[in-house]
Amino acid sequence: MARTASAPQSQRHDRSSVRADLTAVVAGAALAVSGAGAVLACIPLDSPVRAPLGLFFLIAAPAEALFFALRRREPLTRAVASLSGAVLIDLVIAEILARAHVRSVRGEIMAIAVISFLLFLAGTGVNNSTSDRSRKVKNPKT
């Protein structure tokens, strides 16, 4: 009976590791496709995939950065918040550039890239000071 009790747990562990691996692969593929979209949008190359990949970059780059920054939340909450935040970031950038009369595709791509990079850095905790890292956490079980 010990074998049947441990078998479902090992299957659950395998499923969770497969799910984590699949999530990482999908995120990496989306990052690669959005990077290609940013490059195609910035260079003067007439390509039929330039517009769709550029649009994918405008949505996916801030969504991925927000998804990473919200990593302590539930998965569905992270997905909804990151997608709505990405649309909000895109609209605010477009509005700012339109009000300043400097709106261009390359300018929007660069602005979205910079904001996404800053959001990614905020999610990694780069701005933590040394006092935060040296703080000791007490074990509640002792």
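What counts, and where the lines are drawn
Per-chain numbering applies: the sequence of each chain, read as written, is numbered from 1 onward. The predicted nature of this model means local features are confined to residues of pLDDT at least 70 and side-chain atom pairs, given and counted, to a pLDDT of 80 or more, with totals for whole chains, interfaces and linings taken over all residues. For the side-chain quantities, the full set of heavy atoms in the structure was used; hydrogens and water were omitted. Numbering of helices and strands runs from the N terminus; a helix is a DSSP stretch of H or I covering at least four residues, while a strand is a stretch of E covering at least two. Here's how the labels work: a residue is buried when its accessible area is under 20% of the maximum for its type, exposed when over 50%, partly exposed in between, all with a 1.4 Å probe on protein chains only. Whether two residues are in contact is decided by their heavy atoms, any of which lying within 4.5 Å being enough. Values of accessible area rely on a 1.4 Å probe in the Shrake-Rupley scheme; residue burial ignores everything except the protein chains shown. In this scheme, patches are assembled from residues that exceed 30% relative accessible area and form no salt bridge. Like charges are connected within 9 Å, while nonpolar side chains (Val, Leu, Ile, Met, Phe, Trp, Tyr) are connected within 5 Å. The salt bridge definition used is simple: a Lys or Arg side-chain nitrogen within 4 Å of an Asp or Glu carboxyl oxygen. Nonpolar cores were defined as sets of buried Ala, Val, Leu, Ile, Met, Phe, Trp, Tyr and Cys residues, with membership established by side-chain atoms within 4.5 Å. When the centres of two rings from Phe, Tyr and Trp lie within 6.5 Å, Trp using its six-membered ring, the rings pair. Their planes under 30 degrees apart give stacked, over 60 give edge-to-face, and anything left gives tilted. Only lysine NZ and arginine CZ atoms are considered, and such an atom sits over a ring when it is within 6 Å of the ring centre and within 35 degrees of the ring normal.

**Observations concerning the overall build of the chain**
Part 1 of the argument: Scanning the chain from terminus to terminus reveals five helices and zero strands.
Part 2 of the argument: Mapped from its N terminus to its C terminus, the chain presents α and β elements in the order α-α-α-α-α.
Part 3 of the argument: Burial analysis of the chain (142 residues in total) assigns 21% to the buried set.
Part 4 of the argument: Long-range pairs, those at least 24 residues apart, make up 54% of the contacts in the chain with a sequence separation of at least 6.
Part 5 of the argument: Counting only carbon and sulfur atoms, one obtains 67% of the accessible surface of the chain, whose full area is about 10,600 Å².

**A look at a nonpolar patch on the surface**
Part 1 of the argument: A cluster of nonpolar residues, Leu-55, Ile-59, Leu-83, Val-87 and Leu-91, forms a patch on the protein surface that exposes about 450 Å² of accessible area.
Part 2 of the argument: For the nonpolar patch, the secondary structure elements donating two or more residues are helix H2 (50–69) and helix H3 (75–99).
Part 3 of the argument: Position of Val-87 relative to the elements: it lies in helix H3.

**Considerations on the nonpolar core**
Part 1 of the argument: Grouped together as the largest cluster of nonpolar side chains are 12 residues: Ala-38, Ala-41, Cys-42, Phe-57, Leu-58, Ala-61, Leu-66, Ile-89, Ile-93, Leu-97, Ile-109 and Ile-112.
Part 2 of the argument: Of all the elements in the fold, those that place two or more residues in this core are helix H1 (2–42), H2, H3 and helix H4 (105–124).
Part 3 of the argument: Sort the elements by how many residues they give to this core and H2 lands first, with four residues.
Part 4 of the argument: Setting aside residues up to four positions removed in sequence, Ala-41 forms contacts with Arg-50, Val-105, Arg-106 and Ile-109.

**As for the packing of aromatic side chains**
Part 1 of the argument: All told, the structure shown has one aromatic pair when counted by the stated rule.
Part 2 of the argument: Over the ring of Phe-68 we find Arg-71, and its NZ or CZ is 4.9 Å from the ring centre.
Part 3 of the argument: Taking NZ or CZ as reference, Arg-78 lies 3.9 Å from the ring centre of Phe-67, over its face.

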